[in-house]
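Residue-level structure breakdown
So the chains spell out like this:
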Amino acid sequence: MKSVGFIGWRGMVGSVLLNRMREENDFLKITPHFFSTSQSGQYGPTINNIVFKNLKDAYNLNLLEEMDIIITCQGGSYTDTVYSKLRKNNWQGYWIDAASTLRMKDDSIIVLDPVNLKVIKKALDNGIKTFVGSNCTVSLMLMALGGLFSNNLIEWISVSTYQAASGAGAKYVIELLKQMGSLYNVVSQDLSNELSSILDIEKKISQKMKDNDFPLKYFSVPLAGSLIPWIDIDMGNGQSREEWKGQFETNKILGSKSKIIIDGTCVRISSIRCHSQSFLIKLNKNISLKNIEEIIVSHNKWVDFIPNNIQETICKLTPSAVTGTLKIPVGRVRKLSMGDKYFSAFTVGDQLLWGAAEPLRRMLNLLINI
């Protein structure tokens, strides 16, 4: 069995990855080794009732070079520090990475096998050994609309994303919860009094958001009771890096010969988990809504088409309905008044699963079966 080294397995994405591997009995197929950047020598996780002791040093190149496969959810700074050194030492193993650092390198492949298995297999045949997970919203979009992409029906997409706090990391989720608690505490007595004025409650909430003691260490601005219409760095043209990824990564994943135009606005919202996306799509030809539905649902078994009615939409097309599942619901599909080739769609997906951990897990399985 192949030796597989795990780095960053304690974080949000790493924890979800280990849970999925336990559920699918993946650890029975490999010889796992657990590394740590800060706690080498200490106890590791428990897998199949076996406690892994003596965590290995994640910066020890000699130990890393013994691995057939390394899978890391540690982040870009770790990849920057270790990856090039391993390759310079002529390490010939496979590297699987959740971070964005290597995504656009010519010798790496962005993996999402329900969408680009042919691209992955061709890369393996050509000796490529670096495989990287996609941006979370890109993965979720491609899982939802993969049928339209594979049938070359999309001319362009304008997208608005509504991204959960957990997409930024665990400390951001904790800060959001602290913000929620702070807002509740300032009006808790008013909420228990039926005679309280809602305008007075709102005034206290608004003032609390401006107070110096409001938790703003990571987000820097309020997210609870608000939103943040910017994610990641400025690309210099008014576009955020998160928005830039949509077109760039999609076309690399698909191996597109002709560029598909994708742009929009990425927004952080106070959802704990799961990213949502609203699409305005222009097709390159007029097809019926029925055909659109058939194409979407036939692409992969995880897509769940939600009829465009009130009850099913509010019950099935929300983060609370999807969190912790592999389902990719797609709804609000309708033709738009601007023309027959234009339609809207809305999708939700768990960004810690299909948006992060699951493509890595599935890529690992492809490699251990080689």
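My aim in this report is to walk through the structure given alongside it, one point at a time. (Residues numbered from 1 in each chain as written. Predicted model: local features only at pLDDT ≥ 70, side-chain atom pairs only at ≥ 80, totals over all residues. Heavy atoms only, no water.)

1. Structural notes on the overall build of the protein chain
Threshold: In DSSP terms, a helix is any run of H or I states spanning at least four residues, a strand is any run of E spanning at least two, and both are numbered starting from the N terminus. We take the radius of gyration over the C-alpha atoms and set the globule estimate at 2.2 Å times the residue count to the 0.38 power. Accessible area is worked out with a 1.4 Å probe on protein chains only. A residue is then buried under 20% of its type maximum, exposed over 50%, and partly exposed in between. The contact rule is simple, with two residues in contact once any of their heavy atoms fall within 4.5 Å. Method for areas: the Shrake-Rupley scheme with a 1.4 Å probe, in which residue coverage is limited to the protein chains shown. Neither His nor the chain ends contribute to the count of charged residues, in which Lys and Arg are positive and Asp and Glu negative. Charge positions are represented by NZ for Lys, CZ for Arg, CG for Asp and CD for Glu.
Each helix and strand counted, the protein chain has 12 helices and 15 strands in total. The C-alpha radius of gyration computed for the protein chain amounts to 22 Å, which stays within 12% of the reference 21 Å derived for 370 residues, consistent with globular compactness. Reported as C-alpha extents along the three principal axes, the dimensions of the protein chain are approximately 70 × 55 × 45 Å. The buried share of the protein chain, taken over its 370 residues, is 49%. In the protein chain, the proportion of contacts linking residues at least 24 apart, taken out of those at least 6 apart, comes to 69%. For the protein chain, the accessible surface area stands at approximately 17,600 Å², while carbon and sulfur atoms represent 50% of it. Within the protein chain, the 34 negative side-chain charges are centred at a point lying 4 Å from the centre of the 42 positive side-chain charges.

2. Concerning the nonpolar core
What counts is decided by this rule: Definition used in this section: a nonpolar core is a set of buried Ala, Val, Leu, Ile, Met, Phe, Trp, Tyr and Cys residues joined via side-chain atoms within 4.5 Å.
Phe6, Phe131, Leu145, Phe149 and Ile157 are the most contacted members of the largest nonpolar core, which totals 69 residues. Excluding residues within four positions of it along the chain, Phe6 makes contact with Leu18, Met21, Phe27, Ile30, Pro32, His33, Phe34, Phe35, Ile71 and Leu364. Membership of the second largest hydrophobic core comes to 14 residues, among which are Phe35, Tyr78, Leu102 and Val132.

3. Focus on helix 7 (residues 198-210)
To keep things clear, this is the line we draw: Take the residue count of a helix, subtract one, and multiply by 1.5 Å to get its expected span. Throughout, the arc means that of the directions going from the helix axis to the C-beta atoms. Any pair of nitrogen or oxygen atoms within 3.5 Å is treated as a polar contact; in protein, a donor-acceptor pairing is required on top of that, and neighbouring residues in sequence qualify only through side-chain atoms on both sides.
End to end, helix 7 covers 19 Å across 13 residues, agreeing with the expected 18 Å (1.5 Å per residue, within 8%). All of the buried residues in helix 7 are Ile201, Ile205, Lys208 and Met209. All buried residues of helix 7 project into a common sector of 100° when viewed along the axis, lining one side. Exposed and facing more than 90 degrees away from the buried side of helix 7 are Leu199, Lys203 and Lys210. In the core, the buried residues of helix 7 are packed alongside helix 6 (170-191). The N-cap of helix 7, judged by a side-chain oxygen 3.2 Å from the amide nitrogen of Leu199 a few residues on, is Ser197.

4. Regarding the packing of aromatic side chains
Where two aromatic rings form a pair, the distance of their centres and the angle of their planes describe that pair. This is how it is decided: Between rings of Phe, Tyr and Trp, where Trp is taken as its six-membered ring, a pair exists when centres lie within 6.5 Å; planes separated by under 30 degrees are stacked, by over 60 edge-to-face, and by other angles tilted.
The tally for this structure, following the rule as stated, stands at 15 aromatic pairs. Between Phe6 and Phe34, the aromatic rings sit 5.2 Å apart at their centres with planes inclined by 20°, giving stacked as the arrangement. Placement of the pair is Phe6 in strand 1 (residues 3-7) and Phe34 in strand 2 (residues 31-36), with a sequence separation of 28 residues. On the basis of relative accessible area, Phe34 is assigned to the buried category, the value being 3%. Ring centres 6.5 Å apart and planes at 35° place the aromatic pair Tyr94 and Phe131 in the tilted group. Here the residue Tyr94 occupies a position in strand 7 (residues 94-97), and Phe131 occupies one in strand 9 (residues 130-133), the gap between them amounting to 37 residues. Considered together, Tyr94 and Phe131 belong to a single accessibility category, that of buried residues.

5. What about the pattern of salt bridges?
For the record, the criterion: Should a side-chain nitrogen of Lys or Arg be within 4 Å of a carboxyl oxygen of Asp or Glu, the pair is scored as a salt bridge.
If you walk through the whole model with that rule in mind, you get 16 salt bridges. In this structure, Asp26 and Lys29 form a salt bridge, with 3.2 Å as the shortest nitrogen-oxygen distance. Classification of Asp26 as buried rests on a relative accessible area of 1%. For Asp213, the salt bridge goes to Lys208, with nearest N and O atoms at 3.1 Å. By relative accessible area, Asp213 is classed as exposed at 54%. Taken together, the shared-partner salt bridges connect Arg20, Glu23, Glu24, Asp26, Lys29, Glu358 and Arg361 into one network.

6. Remarks on the sheet that holds strand 8 (residues 109-111)
Pairing between the strands of a sheet is mediated by backbone hydrogen bonds and can be parallel or antiparallel. Test applied: By this definition, two strands are paired if DSSP reports at least two bridges between them.
The sheet built from 7 strands is open, its strands ordered 5-2-1-6-7-9-8 with parallel pairing. Every interior strand has two partners, whereas the edge strands, strand 5 (56-57) and strand 8, have only one. Where strand 1 and strand 2 come together, 4 bridges link them in parallel fashion. Bridging from a neighbouring strand, Phe6 pairs with Phe34 of strand 2.

7. Here we look at the sheet that holds strand 10 (residues 154-163)
Going by this rule: The angle between two axes is taken between their N-to-C directions and runs from 0 to 180 degrees, where each axis is a line fitted to C-alpha atoms and a helix contributes only its stretch in contact.
One open sheet holds the 6 strands; their spatial order is 11-10-12-15-14-13, and the pairing between them is mixed. Each having just a single partner strand, strand 11 (261-268) and strand 13 (303-305) make up the two edges of the open sheet. Pairs of neighbouring strands in the sheet enclose a mean axial angle of 20°, with direction left out of account. Here helix 5 (residues 136-150) sits on the sheet in contact with strand 10, strand 11, strand 12 (275-283), strand 13, strand 14 (328-335) and strand 15 (342-349), set at roughly 40° to strand 12.

8. Side note on the environment of Asn251
With respect to the helices and strands, Asn251 occurs in helix 8 (residues 241-254). Taking the C-alpha atoms as reference, Asn251 lies 24 Å from Asp80; in sequence the two are 171 residues apart. Beyond its immediate chain neighbours, meaning those up to four positions away, Asn251 contacts Ser256, Ser258, Lys259 and Ile260. A polar contact of 2.7 Å, which involves the side chain of Asn251, links it to the backbone oxygen of Gln247.

9. Remarks on the pairing of strand 10
Where strand 10 meets strand 12, 8 bridges bridge the pair, whose relative direction is antiparallel. Bridge pairing in strand 12 links Tyr162 to Ser276. Where strand 10 lies against strand 11, 8 bridges are found, and the strand directions are parallel. Across the sheet, the residue bridging to Ser160 is Thr265, located in strand 11.

Distances and angles like these do not, on their own, reveal function.
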